[in-house]
Amino acid sequence: MSDTADGMDPAVKQTSAELATGVDTDTILQTEGLTKRFGGLTAIDDVDFGVEAGELRCLIGPNGAGKSTLLNLVTGALSPSEGEVYFEGHEITGLDPHERIRHGLSIKFQVPSVYEDLTVRENVRLPIQRLAAGSERDERMADALSASGLSAKADVTASALSHGEQQQLEIGMAASLDPDLLLLDEPVAGLSVDERTEIADRITQLNAERDIAFVVIEHDTDFVAEIADHITVLHQGETFREGSIEEIEADPEVQRIYLGGETDA
Amino acid sequence: MGVESDDTATRGPLGRLAAALHGPNTMGNSRRFWYLFGVVVLLFVFFPLYMLPSAVTNMSQYLSLVLLALSLAVVWGYTGVLSFGQVAFFGVAGYTYGIVAINVTGPLGTIAGLVVAVGIAALFAAILGYFMFYGGVSDVYVTILTLVVVLVLKTFLDQTAGDEWTIGEAALGGFNGMPGIPDLALGIGEPFLVFNDTVLFYAALLAVLVTYLGLRALLNSDYGRVMVAVREDEDRTEMLGYDVKRVKLTVFTFGGALAGLSGVLYVTYFNYISPSELSLTAASLPVIWVAVGGRKTLLGPIVATIFIERLGLFLSVNVGDWAFVINGLLLLVIVLLLPEGLLPGLRDLVSWIGDRRGDSDTDDTTDPTGEVIE
C-alpha cells in the first residue's frame with residue numbers, strides 16, 4: 001500500500017505507513033459475506049469489503065456494479081439479504097441508520113441532498129447542534145462554513161447555490177458529524193475541473209488533518225488517481241480486484257470491464 | 001435543547017425569552033409584529049365589552065378549534081406528516097371527557113375528565129403513530145390510514161345507540177350523540193369557577209395564547225429545527241444521526257394531545273358531542289384551515305380557522321345551503337392562487353410592494369433586541 005502514497009502530502013504518507021504496519025484492530029469497516037438480492041437480481045454477491053482507519057479508498061466499477069448498493073448496506077438504508085457489517089469491532093447489521101451514524105459513520109448522497117428551503121447556516125447547524133451547544137456550536141458552525149467556502153453565503157437559501165456549492169455544503173455537513181469513516185457517493189459528478197480540484201483538496205485535507213477514513217465512489221479516473229490510497233473494483237456485485245491505482249490501471253481484466261472496456265459498455 | 005446559542009450570556013432572562021421565540025421557523029420576527037400582536041391580544045381581551053354575548057360564545061368555539069388547527073400545523077406543516085385523523089383525537093377526547101365528567105360529579109370530575117381525555121387522546125395517537133411510523137407507513141399512506149381511522153370510529157359511534165353502550169351514567173347515544181356533558185369547573189365540592197360563557201372564552205383565549213407562544217419556542221428550538229429537517233428530507237435527517245421515526249411519533253403524539261384539548265374545550269361549549277364531529281367533512285376542515293392559512297406558519301392556521309368558521313356562520317345565516325358551496329369555492333381560489341397559504345402570500349405581497357417602492361426602512365428582519373435575524 002505504501003507505493004500508492006507517491007505524490008501525496010506527507011501527512012497522508014504517514015497515515016499510510018502506519019496502516020501498513022497495522023494489525024486487525026485498525027480495520028474500521030468490515031463486511032462479511034454481504035449479499036443483497038432485489039427479486040431475481042443479485043446486486044451485491046458475497047462481498048467481504050474492509051476499510052482501515054484513516055484510509056482513503058475509492059470504489060469503482062461499471063454502472064450497475066453495485067457500488068451504491070454496497071454503500072447503502074453499510075449505512076443501513078438497505079438491509080442485506082445475507083451477511084454482516086462490522087464497524088469499529090461492533091456488529092451494526094441490525095442497527096437503524098441514525099444509530100450507525102452515531103457510531104461514527106457519515107455519508108454524502110449521490111444526488112446533492114441539502115435542505116433546499118433552509119439557509120446555508122441552518123443546513124450547517126443541523127448536524128452540529130446534536131453534538132455541541134453554546135459557543136462551541138457557533139465556532140464549529142463557522143468552521144464548517146469556511147471549510148465549505150460558503151461563509152459569505154451563510155444566509156442564502158441552499159436552493160440558490162450552484163451544484164458544486166451544494167456538493168461542498170453536503171460534504172461539510174457530513175464531515176461536521178466528526179465521523180471516523182465518511183462515505184461519498186460520486187462527489188464530483190457534473191462538476192467543473194476547478195470544482196473537482198477543490199473537492200479533491202477538501203477530501204485529502206479532511207483525511208490528513210482529521211484522520212477521517214473515506215470510501216469514495218467515483219467514475220472519474222483522474223480524480224480517483226489523485227486521491228486514492230487503495231482501490232476496490234466492483235463488478236456484477238462481486239469484488240473484482242483490489243489494489244493500488246497503478247496495479248488497477250495496469251490490470252488488463254479491469255481495462256476490459258471498466259477502463260475503456262471493449263466488450264462491456 | 002431549546003436555548004438559542006447566540007450570545008445568550010450577554011442577555012438577561014427577558015432577552016433569552018425573546019430569543020427563544022424567534023427564528024427562521026415562525027413568521028413575525030419584528031418589533032412591529034409584536035406591537036400589532038399586543039393590539040390584537042388586547043382586542044380579544046376586551047372582546048366581551050364591545051361584542052354581543054352570542055359573538056363571545058361563538059368566539060370561544062372558534063378559539064377551541066384553533067387548537068385543533070395548531071395540532072395539525074405542527075404535525076403536517078412543520079413535520080410533514082399529513083394527518084387526516086386530528087378529529088379522531090379530538091372526538092375521542094370529547095367522548096372521554098363526557099364519560100368521566102358525567103360519572104364523576106363535581107368540579108374534580110371535570111378536571112379529571114380533562115386530564116384523562118387529553119391523556120387518552122395522546123395514548124391513542126401514540127399507539128396509532130407507533131404502528132404507522134415503525135411499521136414503515138409513510139407519506140400518502142399515513143393520510144389514508146388516519147382518514148380510515150376517523151371513519152371507522154364514526155361508524156362505530158353511530159352504532160352505539162343501545163343500552164349496552166351506557167358507561168355508568170353516560171350513554172354514548174349512537175348518532176344522536178351524548179348530551180348533558182358538564183362544563184369544566186374549578187373547586188372542591190362546590191365549584192367556585194364554572195367555565196361557561198365569558199369564562200370559557202377567556203379560558204380558550206388563554207389556551208390559544210399559551211399554545212401559540214409555546215409552539216413558537218418549540219419550533220425555533222433545536223428540536224423544532226429537527227422537525228423541519230424531517231419535513232424537508234427524512235433520509236438526510238436520519239443520516240445526520242437523528243431518529244426520524246421517533247421524532248415523527250413524538251410530534252404525532254403531541255399533536256394528538258393538543259387535538260384532545262381542543263375536543264374537551266369544544267364539547268364543554270356545546271355540553272354535547274355526536275359522531276358528526278368525526279364525519280368526512282369534519283375531518284377535512286382542519287386540513288382546509290391549515291392549508292388556507294399557510295401550513296408552514298402558526299399564525300396562518302389561527303387566522304384561517306377563525307375567518308373560515310365565522311364566514312361559514314355568516315353564509316349559513318344569509319344564504320342557507322349555499323354556504324358550503326360559496327365557502328368551498330373561496331377556499332379553492334385561495335389555495336390555487338396562494339399555494340403556500342394566505343399569510344405567507346400576504347407577506348410576499350407586502351415585501352413585493354416594499355421592493356417596488358424601494359422601501360428600505362422595513363424592520364421585518366429585525367428582532368426586538370434590534371439584532372438582525374436571518
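Each chain carries its own residue numbering, running from 1 in the written order of its sequence. Note on labels: chains are lettered from A, ligands numbered from 1, in written order. Only residues with pLDDT of at least 70 are given local features in this predicted model, and only at 80 or more are side-chain atom pairs given and counted; all residues enter the totals for whole chains, interfaces and linings. The basis for every side-chain value is the complete set of non-hydrogen atoms in the structure, without hydrogens or water.

Enquirer: Would you explain helix α1 (residues 13-21) of chain B in this entry?
Expert: Given 3.6 residues per helical turn, the α-helix brings residues three or four places apart onto the same face. Accessibility here uses a 1.4 Å probe with only protein chains present; expressed as a share of the type maximum, an area under 20% marks a residue as buried, one over 50% as exposed, and anything in between as partly exposed. Numbering of helices and strands runs from the N terminus, with a helix taken as a DSSP run of H or I at least four residues long and a strand as a DSSP run of E at least two residues long. Regarding α1(B), the residues found buried are B:G15, B:A18, B:A19, B:A20 and B:L21. In what follows, a contact means two residues having at least one pair of non-hydrogen atoms within 4.5 Å. Buried positions along α1(B) lie against α2 (31-45) and α8 (197-219) of chain B.

Enquirer: Hey, could you run me through the sheet that holds strand β8 (residues 181-185) of chain A in this one?
Expert: The strands making up a sheet are joined through hydrogen bonds of the backbone, oriented either antiparallel or parallel. Residue and element names in this part refer to chain A. In this scheme, strands are said to pair when DSSP sees at least two bridges between them. Pairing in this open sheet of 6 strands is mixed, and the strands run β7-β8-β9-β4-β10-β11 from one edge to the other. Each edge of the open sheet carries a strand with a single partner, namely β7 (105-108) and β11 (238-243). Each strand of the sheet is rotated relative to its neighbour by a mean of 20°, with strand direction disregarded. Pairing analysis gives 5 bridges linking β8 to strand β9 (residues 213-217), with the strands arranged parallel. The residue bridging D185 from the neighbouring strand is I217, located in β9. Across the sheet, helix α2 (residues 67-75) touches β4 (56-60), β7, β8, β9 and β10 (230-235), and the angle it forms with β8 is around 145°. Angles run from 0 to 180 degrees between N-to-C directions of axes, and those axes are lines fitted to C-alpha atoms, restricted for helices to the stretch in contact.

Enquirer: So what exactly am I meant to see when it comes to the interface of chain A and chain B here?
Expert: Buried accessible area, meaning the area lost when the parts come together, often serves as the stated size of an interface. In this assembly, 28 residues from chain A lie in contact with 23 residues from chain B. We define buried area as the total accessible area lost by two parts upon association, computed with a 1.4 Å probe and summed across both. Regarding the contact of chain A and chain B, the summed buried area is about 2,300 Å², with carbon and sulfur atoms giving 52% of it. What makes a salt bridge here is a side-chain nitrogen of Lys or Arg within 4 Å of a carboxyl oxygen of Asp or Glu, nothing more. At the junction of chain A with chain B, the criterion picks out 5 salt bridges. Put simply, A:R137 and B:D222 hold a salt bridge, and the shortest N to O gap is 2.6 Å. Within 3.5 Å is the distance limit for a polar contact, defined as a pair of N or O atoms, with the added protein rule that one can donate a hydrogen and the other accept it, and that residues adjacent in sequence qualify only through two side-chain atoms. The interface formed by chain A and chain B includes 13 residue pairs in polar contact (both at pLDDT 80 or more). For the side of chain A that touches chain B, the secondary structure elements donating two or more residues are α3 (97-102), β7, α4 (120-129), α5 (134-147) and α6 (163-175) of chain A. Among the elements that make up the side of chain A that touches chain B, the one with the highest residue count is α4(A) (6 residues). All amino acids are sorted into three groups, where Ala, Val, Leu, Ile, Met, Phe, Trp, Tyr, Cys and Pro are nonpolar, Asp, Glu, Lys and Arg are charged, and the leftover types, Gly among them, are polar. Here the side of chain A that touches chain B is built from residues that sort into 11 nonpolar, 5 polar and 12 charged.

Enquirer: Even after reading the chapter, I still don't get the confidence of the model for chain B, so can you show me in this structure?
Expert: The predicted coordinates should not be examined in detail at positions where pLDDT is low. Residue and element names in this part refer to chain B. Put simply, chain B has an average pLDDT of 90, and 93% of its residues get 70 or more. Considering only residues more than four positions removed or in separate chains, one finds that residues 1-9, a stretch of pLDDT under 50, has 18 contacts. For every residue, the predictor reports its confidence as pLDDT, a number between 0 and 100. Across residues 360-374, confidence stays below pLDDT 50; counting only partners more than four residues off in sequence or on other chains, it has 31 contacts.

Enquirer: In this structure, what is going on with unusual backbone geometry? I would like to understand it.
Expert: Note: most residues except glycine have negative phi, and most peptide bonds are trans. The phi angle at A:D211 is positive, at roughly 60°, despite the residue not being glycine. Along the chain, the position of A:D211 falls in the loop between α7 (193-210) and β9.

Enquirer: What is the right way to read the packing of aromatic side chains from this model?
Expert: Two numbers describe a pair of aromatic rings. These are the distance of the centres and the angle of the planes. When the centres of two rings from Phe, Tyr and Trp lie within 6.5 Å, Trp using its six-membered ring, the rings pair. Their planes under 30 degrees apart give stacked, over 60 give edge-to-face, and anything left gives tilted. For the structure shown, the criterion picks out 17 aromatic pairs over all chains. The interplanar angle of 75° and the centroid separation of 5.1 Å between the aromatic rings of B:W34 and B:F37 together place this pair among those described as edge-to-face. On the criterion of helical spacing, the pair formed by B:W34 and B:F37 is a turn pair, its members being 3 residues apart in helix α2. A centroid spacing of 4.9 Å and a plane angle of 20° characterise the contact between B:Y130 and B:Y134, whose relative ring orientation is stacked. Overall, B:Y130 belongs to the partly exposed group, its relative accessible area being 43%. Among the aromatic residues, those joined into a ring-pair cluster are B:F44, B:F47, B:Y50, B:F201 and B:Y202. Both a distance and an angle decide whether a charge sits over a ring: NZ of Lys or CZ of Arg must be within 6 Å of the ring centre and within 35 degrees of the ring normal. One Lys or Arg, A:R130, reaches over the ring of B:Y242 and ends 5.8 Å from the middle of that ring. The residue whose ring lies beneath A:R241 is A:F240, and the NZ or CZ to ring-centre distance is 4.8 Å.

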